[in-house]
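# Working through the structure, step by step
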Amino acid sequence: MAQGAPMPPKQSQPLSPPIVIAHRGASGLRPEHTIASYTLAIEQGADFIEPDLVLTKDNVFVARHENDITGTTNVATHPEFATRRTTKLIDGESHTGWFTEDFTLAELKTLRAIERLPKLRPDNAKYDGQFEVPTLAEVIALAKRHSVGGRVVGIYPETKHPSYFAGIGHPMEALLVAQLKAAGWDKPSDPVFIQSFEVDNLKRLHGMTGLRLIQLMDARGGPADHATPSYAAMITPAGLKAVAAYAYGIGPGLAMIEDGDAVPTTLVADAHAVGLRLHPWTFRAENAFLPKSLQVGTDPATHGHVDTAMRRYLALGVDGFFTDFPGIGVEVRNALKEKR
C-alpha cells in the first residue's frame, strides 16, 4: 500500500448467518413485484422475498415499487383510467401519473405489470402485459406454500411513503401488523423483516409488534419524515446506538459500505459494535450498477462481475444483502459457507 493511503477497515464477523434477499423478487430476470418474479426467486433459493408495499383506495396492500404506477403497469393504455392521471407532491417531490391510492383493488387487478428498466432489461420487457399486480396476501400465501420440507421462505416488506399515506388518511402501521399477525407472524423468530426509510414509522411499529425491523438509509439525503436531519447523522456512533433502540438492523446503500472501488468504510464494524445487523442494497448484474473494475465491456446493459462484488461485501462481514439476481447471490453465499 502506498505511503499515506487510507488503511482498509478491519473485517467484522457477521452477527448472523448471511441471508439472500430477493429484491422485488428475481427482478433482474422477470418484471419486478410480480408473482412470477417472486416465484423464480424462491426457486433460485432466496431466503426472503421483498415486496414494496403501497395501499389501494380501499386500503389493501399491494406490491409496487412506488404508489406511482405509471412506469410499472400498463395503466396509460387503459382509456377508462385516463382521467385519473394527476400530479401529487410525495415526500417533497412532484410526481405526475397514476397512483395506487386512487384505484380500488378490483381496478388495479385489471392492469398488468411492465418492466421498469426496459433498456437495461429487454428480456424482462418481453413479459410485459402478462402479470397482475399482486397483493401482500398473495405474497404471503406464496411464501407459505413454498415453506415445505424444512425450508422456510420469509418475506421482507418495505413500507413505502408511510408518512405520505398517513397524511391522506391511509396509515399503514396497524393494518400491516394486523395482516402479518393474522398470518401467524408477530415474534422476532418469525421469518419477517419490516423495513422503512422513515424513522417514526419504524418506531411506531416497534411498539406494536415483535417482528424484526430494519432502518433503511442511503448515502445522501435523510428520512422523509424528518425525524433526523440526515442518514449521515444516523451512522455516527451515537446515531447507530439510537437506531439500535428500535431496530434489529440497518439496510444501507452499497456506497455507504464501499463506494465503488474506494476503500471500505467502517460502517460494518460500527453497526456490529452496537448489535445491529447489516443488509445492504442492491446488487445488480448490469454494468450500469457496478464499479468500473467489475464491468465487462462498455454496454450499460451487459452483465459484469456482480458475484465478485457480493464476495467483497460478505468478506467485510455483512449479515445479508439485497439482490435482483438471487440465484447468483445464493451461489456466492453458499460457496462462502462451504469455505467456512
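In short, a report on the structure. (Residues numbered from 1 in each chain as written. Predicted model: local features only at pLDDT ≥ 70, side-chain atom pairs only at ≥ 80, totals over all residues. Heavy atoms only, no water.)

Glancing now at the overall build of the chain. When its secondary structure is counted, the chain shows twelve helices and 13 strands. Compactness check: the chain gives a C-alpha radius of gyration of 20 Å against a globular reference of 20 Å for 340 residues, within 12% of the reference. Its C-alpha atoms put the chain at 65 × 45 × 45 Å along the principal axes. By residue count, 51% of the 340 residues in the chain fall in the buried class. For the chain, the proportion of contacts with a sequence separation of at least 24, taken over those separated by at least 6, is 67%. Approximately 14400 Å² of the chain is accessible, and the part contributed by carbon and sulfur atoms is 56%. Side chains of the chain give 34 positive and 38 negative charges; the mean places of these two sets differ by 4 Å. (Helix = DSSP H or I, 4+ residues; strand = E, 2+ residues; numbered from the N terminus. Rg over C-alpha atoms; globule rule 2.2 N^0.38 Å. Buried < 20%, exposed > 50% of the residue type's maximum accessible area, 1.4 Å probe, protein only. Contact = heavy atoms within 4.5 Å. Areas by Shrake-Rupley, 256 points an atom, 1.4 Å probe, with all protein chains shown as cover. Lys, Arg positive; Asp, Glu negative; His and termini not counted. Charge placed at Lys NZ, Arg CZ, Asp CG, Glu CD.)

Relative placement of two packed helices is described by the angle separating their axes and the distance separating the axes. Contact geometry for helix α4 (residues 136-145) and helix α6 (residues 173-182): axes closest at 11 Å, N-to-C directions at 30°. Our classification of the angle between α4 and α6 gives roughly parallel. The handedness of the crossing between α4 and α6 comes out as right-handed. Two secondary-structure elements touch here, α4 through Leu136, Ala137 and Ile140 and α6 through Leu176, Gln179 and Leu180. The residue inventory of the contact of α4 with α6, partitioned by class, reads five nonpolar, one polar and no charged. (Axes fitted to C-alpha atoms, helices over the stretch in contact; angles between N-to-C directions. Parallel < 35°, antiparallel > 145°, perpendicular 65-115°, else oblique. Left-handed = near helix turned anticlockwise from the far one by under 90°. Nonpolar A, V, L, I, M, F, W, Y, C, P; charged D, E, K, R; others polar.)

Evaluation of the coordinates by the stated rule reveals 20 salt bridges. Between Arg204 and Glu173 there is a salt bridge whose closest N-O contact spans 3.0 Å. Residue Arg204 is located in helix α7 (residues 200-206), and its partner Glu173 is located in helix α6; the two are separated by 31 residues in the primary sequence. Overall, the relative accessible area of 39% leaves Arg204 in the partly exposed class. Judged by its relative accessible area of 7%, Glu173 falls in the buried class. Shared partners join several salt bridges into a network, and the residues in it are Arg24, Glu32, Asp52 and Arg116. (Salt bridge = Lys/Arg side-chain N within 4 Å of Asp/Glu carboxyl O.)

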